[in-house]
Number of protein chains: 2
Amino acid sequence: MTATPPSTRATVRRRAGRGRYDRETIDAILDEGLVGHLAFVAEAQPYALPMLYARDGDQLYLHGSPLSRLLGTIADGTPMCFTVTLVDGVVLARSAFHHSINYRSVVILGQGREIKARTEKLQALNTLVEHVMPGRSSDARGPSEQELEATEVVALALDEASVKIRTGPPIDAPEDYELDVWAGELPLKIARGTPITDPRCASPLPDYLAG
Amino acid sequence: MTATPPSTRATVRRRAGRGRYDRETIDAILDEGLVGHLAFVAEAQPYALPMLYARDGDQLYLHGSPLSRLLGTIADGTPMCFTVTLVDGVVLARSAFHHSINYRSVVILGQGREIKARTEKLQALNTLVEHVMPGRSSDARGPSEQELEATEVVALALDEASVKIRTGPPIDAPEDYELDVWAGELPLKIARGTPITDPRCASPLPDYLAG
């Protein structure tokens, strides 16, 4: 629950005033997001690939096929980074230079740990389904032994995480406030559409999708 | 305008049927997105950091402060990756195992090229503002010489890019279609909120923000 940077390399440098390090802020962003980007290196080339994730306490869980290059790479202890970014809006300043984005991002540095114990793996997969759709894990059929084997789960500890947040109106150069140009924020958010029932499904819409 | 992978390392491997390589698809995703994630390596640690970007023809432009570690790192020709992901919805299958996300992502591999020529730099910054908000560049005050110097612009060619797309309903195991569990898609999209005028602004809302 520290509010100071956990390490030098996890310290926000540019616009350090936007940096945060408390777990409450970190957890809130991770729990609100759905997809993050995993950075890792394979054959001297860095990659950023989108992945589902879920937080459970002090751990972030990622999953995928044991056949994937990605999971194989991160499960062996190589340095990685997982970043979750929520875009909250566009910031329109009076000058082009001061245009910006309101956002909240978490950057986690660390190494993956493959989850092999059956109980922890089941718990992690349950957490992943619940993160995608709260309430869903009690409806969907749980994993078979074969499916458990066909899923690799990697945990990433939240020990070395930082947050960067921008909120509020534009900050223009003092002399630009006289310009007759509209300035402010255009909020953006993720909106749910109308659920689309699988053509092969005759079951009713569950409560967690209604409304 | 190739529809075949531009390189081995830029070839989609897992679920290769979801891979696309044509420029029309690449451009459409890049033009719809707002923020991407840049993967780069600094002192043996990979990072994924969120960044605004804009496409102009065959180039992607990134910008930032010349003082930032990030821009300095990517302007010197080090290998990098820029990824843009659009999350289109949650896919709820009858089994936990087959839950998924509908998404469209572009992964670009390459090296940064710092834009130093004044004309190209101005054009790139204009493109960035127009990408954030079409129509905005004719309202906002353009960059001063000092601001131009305080901005570093890096171009990334789209030569080595790949797309991965998932659409449609869940694909369940054959025997699971008999289960009495709702299955389908919950579409997600980015919605604009009501513009918030800067408290220090008395100018009227521009047309491109109305409605």
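Report follows, based on the coordinates. (Residues numbered from 1 in each chain as written. Chains lettered and ligands numbered in written order. Predicted model: local features only at pLDDT ≥ 70, side-chain atom pairs only at ≥ 80, totals over all residues.)

### Here's the deal with the overall build of chain A
Stated precisely, the cut-off is as follows: We count a stretch as a helix when DSSP gives it H or I for four or more residues in a row; a strand needs E for two or more, and each element gets its number in order from the N terminus. The burial label depends on the number of other C-beta atoms within 10 Å of a residue's C-beta. Counts of 20 or more mean buried, 12 or fewer mean exposed, and intermediate counts mean partly exposed, with C-beta atoms placed from the backbone. Two residues qualify as a contact pair if the distance between their C-beta atoms, derived from the backbone, is within 7 Å.
Along the backbone of chain A there are 4 helices and 12 strands. When the backbone C-alpha atoms are referred to their principal axes, chain A occupies close to 65 × 45 × 35 Å. For chain A, buried positions account for 39% of its 211 residues. Pairs at least 24 residues apart make up 71% of the contacts formed inside chain A by residues separated by at least 6 positions.

### Details of the interface of chain B and chain A
Quick reminder of the rule: Residue type decides the class: Asp, Glu, Lys and Arg count as charged, Ala, Val, Leu, Ile, Met, Phe, Trp, Tyr, Cys and Pro as nonpolar, and the leftover types, Gly among them, as polar. In this description, strands pair whenever DSSP reports at least two bridges between them.
The interface of chain B with chain A comprises 83 residues on the first partner and 83 residues on the second. Examining the composition of the side of chain B that touches chain A, we find that 9 residues originate from one element, strand β11 (residues 184-192) of chain B, more than from any other. Residues of the side of chain B that touches chain A, tallied by class, amount to 52 nonpolar, 15 polar and 16 charged. Bridging between strand β12 (residues 196-197) of chain A and β11(B) involves 2 bridges; their strand directions are antiparallel.

### So, the relation of the copies chain B and chain A
For the record, the criterion: Here the copies are matched by least squares. The fit uses the C-alpha atoms of residues with pLDDT of at least 70 in both.
Rotating chain B by 180 degrees and translating it 0.0 Å along the rotation axis places it on chain A, where the RMSD comes to 0.0 Å. In short, the pair behaves as if placed about a two-fold rotation axis. Of the C-alpha atoms belonging to chain B, the one lying closest to the rotation axis is found on B:Ile190, 2.3 Å away. A high fraction, 100%, of the interface residues of chain B reappear at the interface in chain A, so the copies pair face to face through one surface.

### Description of the pairing of strand β3 (residues 45-52) of chain A
All names here are of chain A. Of all 8 residues in β3, 6 are buried; the element is thus mostly enclosed. Two elements, strand β2 (residues 35-42) and β3, share 8 bridges in a ladder whose sense is antiparallel. Across the sheet, the residue bridging to Gly-36 is Met-51, located in β3. A loop of 2 residues connects β2 with β3, the two strands running antiparallel in sequence, and Glu-43 in this loop sits at a positive phi of about 50 degrees.

### A short note on the sheet that holds strand β5 (residues 59-64) of chain A
All names here are of chain A. Note the following rule: Axis angles are defined between N-to-C directions and span 0 to 180 degrees, where every axis is a line fitted to C-alpha atoms and, for a helix, only to the segment in contact.
Read across the sheet, 4 strands follow the order β4-β5-β9-β8 without closing on themselves; strand pairing throughout is antiparallel. Looking at strand neighbours, the two that pair on one side only are β4 (54-56) and β8 (113-115), the edges of this open sheet. Averaged over all adjacent pairs, the angle separating strand axes in this sheet is 35 degrees, with direction ignored. Relative to strand β9 (residues 152-157), β5 runs antiparallel, the two being bridged by 6 bridges. Pairing of Gly-64 across the sheet is with Glu-152, part of β9.

### Comments concerning the sheet that holds strand β9 (residues 152-157) of chain B
The strand order across the open sheet built from 4 strands is β4-β5-β9-β8 (chain B), with neighbouring strands paired in antiparallel fashion. Of all the strands in the sheet, just β4 (54-56) and β8 (113-114) of chain B have a single pairing partner and so form its edges.

### What about the nonpolar core?
Using the following cut-off: The nonpolar core is taken to be a set of buried Ala, Val, Leu, Ile, Met, Phe, Trp, Tyr and Cys residues joined by way of C-beta atoms within 7 Å.
Among the nonpolar cores identified, the biggest contains 102 residues, and A:Leu38, A:Ala39 and B:Ala39 are the most heavily contacted of them. Apart from the residues within four sequence positions on either side, A:Ala39 is in contact with A:Pro46, A:Tyr47, A:Ala48, A:Met80, A:Cys81, B:Ala39, B:Pro46, B:Tyr47 and B:Ala48.

### Thoughts on helix α3 (residues 118-132) of chain A
Applied cut-off: A helix's residues, less one, multiplied by 1.5 Å, set its expected span.
A rise of 1.5 Å per residue sets the reference length of α3(A), with its 15 residues, at 21 Å; its end C-alpha atoms lie 21 Å apart and thus fit the reference within 8%. Every buried residue of α3(A) is accounted for by A:Lys121, A:Ala124, A:Leu125, A:Asn126, A:Thr127, A:Leu128, A:Val129, A:His131 and A:Val132.

### Re helix α1 (residues 23-32) of chain A
Residue and element names in this part refer to chain A. For clarity, the threshold we go by: The directions considered for the arc run from the helix axis to the C-beta atoms.
Looking only at α1, the buried set comprises Ile-26, Ile-29 and Leu-30. Seen from one end, α1 has its buried residues packed into an arc of 95 degrees, which puts them on one side. Opposite the buried face of α1, by more than 90 degrees, sit the exposed residues Glu-24, Asp-31 and Glu-32.

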